[in-house]
Amino acid sequence: MKLSNEKLKEIYYGALYFEETEDGYLKANQYTKPQMDYFEGAFEMWFERCDASTAKTIEFISDATKVSFDYKIIWKGSEDSFELSIDGLATEIVYVKDVELEGTISWDMPQGEKNVTIYLPADATVLIKNFDIDADYKNVTKNEKVLWLGDSITQGFGPLRSYQTYVSVANRLLNYDILNQGIGGYIYDNKSLMKMEGYNPDKIIVALGTNQYGDENAPQVVEEYYETLIGIYGTEIPILCITPLWRGDSEDGLPVLTKFCEEIKRIVGKYGNIKVVEGFTLVPHLSEYYLDNLHPNGLGTESYGRNLVEAIRRIGF
């Protein structure tokens, strides 16, 4: 059963809106056009990555034994993966480095009804068409609608596996309906915060700061960021602030980073609807948990995601 692009949209998660290309591919966007225009004028790295697939998912329930789709990669950064997950367990991996820029991915699946999740690459921009399932399917049910704001770690760089980003790990337990606006290299920058017409999240998670902790004006821009965020979404919507993770790439910088984390906690403490999870408590302070002593690897993102879920449940976010 080949799905039309309109039907595919119903099981495609992580998009603010979709566009269809002239050659029939479906492109999922997580930023509005004005936001993307801002990134284009501000910094090329942000603009490239604001368009990435950020481990978006295609999810459904079915007793199908085969699934396939045509893909086109129009940009790639780090070469992570397309992945198939059955009932929460990764069963097939296709690495971006091993495939052509355009082609077809086909996977066999076990007999019986199952929850199927397909993870798209986190650090590449992938278009999809001709999605085919060899049986009927049902839509999944999601929990709260959550806007997730962050930098490269939130976008998914580090584990080099779309299934294994910390957001993916956490969301297998939380089952949020996510809009992931993580961008490699991003900072607390209120200029990209704009009202997204038609999108009203139930909760917001912010994981920023590691790219600017040494800047003299960092506390001021953090203040401006949360003032703008509250101005758009109000004081009733729950917001979670994750302070920066431990970094092992500069021992001299750790006291500065620690002080910055305290400044962030002070700033968000003014708002009754913002709760804090301390990033230093989420990933062990050991190089074995990091790709480069900055971005958690697969071991680190597993720790990050699971510890974050425990913290979210503990503080009642």
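Above: the structure in question.
For clarity, every value in this text was computed on a predicted model and none was experimentally measured.

A. Summary view of the nonpolar core. In terms of nonpolar packing, the biggest core is built from 37 residues, with Y188, I204, V206, Y225, Y226 and L229 touching the most fellow members. Sorting the residues of this core by element identifies α2 (33-42), α3 (44-50), β13 (145-150), β15 (203-207), α6 (218-233), β16 (239-242) and α7 (254-268) as the ones contributing at least two each. With 7 residues, α6 is the largest single contributor of residues to this core. When neighbours within four sequence positions are excluded, V206 is seen to be in contact with L149, Y188, Y225, Y226, L229, I239, L240, C241 and I242. Counting residues in each nonpolar core, the second largest holds 31 residues, with L8, Y12, I118 and L120 among its members.

B. Quick look at the packing of aromatic side chains. Following the criterion strictly, the structure yields 20 aromatic pairs and no others. Plain terms: the ring middles of W148 and Y166 are 5.9 Å apart, the flat faces sit at 75° to each other, and that makes the pair edge-to-face. Remark: Y166 occurs in helix α5 (residues 166-174) and W148 occurs in strand β13; sequence separation between them is 18 residues. No difference in accessibility class separates W148 from Y166, as the two residues are buried. Ring geometry for Y188 versus Y226: centroids 5.5 Å apart, planes at 50°, classification tilted. With Y188 in the loop between β14 (177-182) and β15 and Y226 in helix α6, this residue pair connects regions lying 38 residues apart in the sequence. Each member of the pair, Y188 as well as Y226, carries the same accessibility label: buried.

C. Here's a closer look at the pattern of salt bridges. All chains considered together, the criterion is met by 21 salt bridges. The residue E10 makes a salt bridge to K7 at a minimum N-O spacing of 3.8 Å. Look at E10 and you get partly exposed, because its relative accessible area is 40%. Across the pair E83 and R161 runs a salt bridge, and its minimum N-O distance is 2.5 Å. Here R161 lies in the loop between α4 (152-155) and α5 and E83 lies in strand β7 (residues 81-86), a separation of 78 residues in the sequence. For E83, a relative accessible area of 0% translates into the label buried. In this structure, a network of salt bridges that share partners links the residues E223, E263, R266 and K270.

Cut-off values and rules
Residues numbered from 1 in each chain as written. Predicted model: local features only at pLDDT ≥ 70, side-chain atom pairs only at ≥ 80, totals over all residues. Heavy atoms only, no water. Core = buried A, V, L, I, M, F, W, Y, C linked by side-chain atoms within 4.5 Å. Buried < 20%, exposed > 50% of the residue type's maximum accessible area, 1.4 Å probe, protein only. Helix = DSSP H or I, 4+ residues; strand = E, 2+ residues; numbered from the N terminus. Contact = heavy atoms within 4.5 Å. Phe/Tyr/Trp six-rings, centres within 6.5 Å; stacked < 30°, edge-to-face > 60°. Salt bridge = Lys/Arg side-chain N within 4 Å of Asp/Glu carboxyl O.

All quantities given are derived from atomic positions and should not be read as evidence of function.
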